[in-house]
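Report on the structure
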Amino acid sequence: MLKITLLAVGDRMPTWIDQGFVEYQKRIGGRLRLDLIEIPALRRGKNADIPRIQQQEESRLLDLVPKPACLIALDRRGTHWKTEEVACNMKNWLDQRDPVSLAIGGPEGFSEPFLGMCRGVWSLSELTFPHGLARVVVAEQLYRGYSILEGLPYHR
């Protein structure tokens, strides 16, 4: 079974975000398991040291990545994947059998050093999404990729 973990900075999401994520999480089954681990975002005050906060959040995310694992950051600077590419990547992950960690950063996104540690960087869109909504979009796309791999009618 392939374990995919979505690591996300931020907790206390609106109910509709949690419900949307859980809906797609429940639909994924069989050879895949999708989990969500949230870490609280650090406080950002008026004179906050944003690079330090970003580094601390990234370090906390990295501590949650199992070894070995394929770490992929979700970031606006990443590659846009077509739905079929999501399914293809999922097939490759299944073949490799290493767990996969997908990471969503804080409000500032990820630093260049963090992105350099990742096996890939995935951009969901040219649009800017609230980070909570990105969780739902990722879960839906993973379910869509799963449905393609399993020959389910959802993708049609």
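Parameters at a glance
- All residue numbers here refer to positions counted from 1 along the written sequence of the relevant chain.
- Local features in a predicted model are, by the rule used here, given only for residues with pLDDT of at least 70; side-chain atom pairs are given and counted only at 80 or more, and totals for whole chains, interfaces and linings are based on all residues.
- As a rule here, side-chain values come from all non-hydrogen atoms in the structure, and water together with hydrogens is ignored.
- We define a nonpolar core as any set of buried Ala, Val, Leu, Ile, Met, Phe, Trp, Tyr and Cys residues linked to one another through side-chain atoms lying within 4.5 Å.
- Only protein chains enter the accessibility calculation, which uses a 1.4 Å probe. A residue is then buried if its area is under 20% of the maximum for its type, exposed if over 50%, and partly exposed in between.
- A run of H or I in DSSP becomes a helix once it reaches four residues, and a run of E becomes a strand once it reaches two; helices and strands are each numbered from the N terminus.
- Any helix carries an expected span of 1.5 Å times its number of residues minus one.
- Each direction from the helix axis to a C-beta atom contributes to the arc, which is the arc of those directions.
- The contact rule is simple, with two residues in contact once any of their heavy atoms fall within 4.5 Å.
- For two strands to count as paired, DSSP must find a minimum of two bridges between them.
- Where helices are involved, their axes are fitted lines through C-alpha atoms of the stretch in contact, as for all axes, and angles between N-to-C directions lie from 0 to 180°.
- By the definition adopted for this analysis, an angle is roughly parallel if under 35 degrees, roughly antiparallel if over 145, roughly perpendicular if from 65 to 115, and oblique otherwise.
- Amino acids outside the nonpolar list (Ala, Val, Leu, Ile, Met, Phe, Trp, Tyr, Cys, Pro) and the charged list (Asp, Glu, Lys, Arg) are all regarded as polar, and Gly is one of them.

The next subject is the nonpolar core. Within the largest apolar cluster, 29 residues are counted, with the highest numbers of intra-cluster contacts made by I4, W93, L102, W122 and L142. Elements that contribute at least two residues to this core include exactly β1 (2-9), α1 (15-27), β2 (32-39), β3 (70-80), α3 (83-96), β4 (100-104) and α5 (131-150). A per-element tally of this core places α5 first, with seven residues. Formed by 14 residues, the second largest nonpolar core is a distinct cluster that contains V9, A73, L115 and C118.

What follows covers α3. Here α3 spans 20 Å end to end across 14 residues, near enough to the 20 Å set by a 1.5 Å rise per residue. Here α3 has its buried residues at T83, V86, A87, M90, W93 and L94. In a view along the axis of α3, the buried residues occupy a sector of 120°, so they form one face of it. Contacts made by the buried residues of α3 are with β1, β2, β3, β4, β5 (120-123) and α5. After α3 finishes, the residue R97 shows a positive phi value of roughly 70°.

Right, let's get into the sheet that holds β4. Sheet architecture is open: five strands sit in the order β2-β1-β4-β3-β5, paired in parallel fashion. Either end of the sheet is taken by a strand with one partner, and the two such strands are β2 and β5. Across the sheet, the axes of successive neighbouring strands diverge by a mean angle of 30°, strand direction being ignored. One ladder, built from five bridges, connects β3 with β5; its direction is parallel. Bridge pairing links L74 to W122 in β5. Lying on the sheet, α3 is in contact with β1, β2, β3, β4 and β5; it crosses β1 at an angle near 120°.

Relative placement of two packed helices is described by the angle separating their axes and the distance separating the axes. Closest axis-to-axis distance for the α3/α5 pair is 8 Å, and the angle between their directions is 75°. One finds that α3 runs roughly perpendicular with respect to α5. The residues of α5 that touch α3, namely those facing T83, V86, A87, M90, K91, W93 and L94, are Q141, L142, R144, G145, Y146, I148 and L149. Of the residues contributing to the contact of α3 with α5, the split by class is nine nonpolar, three polar and two charged.

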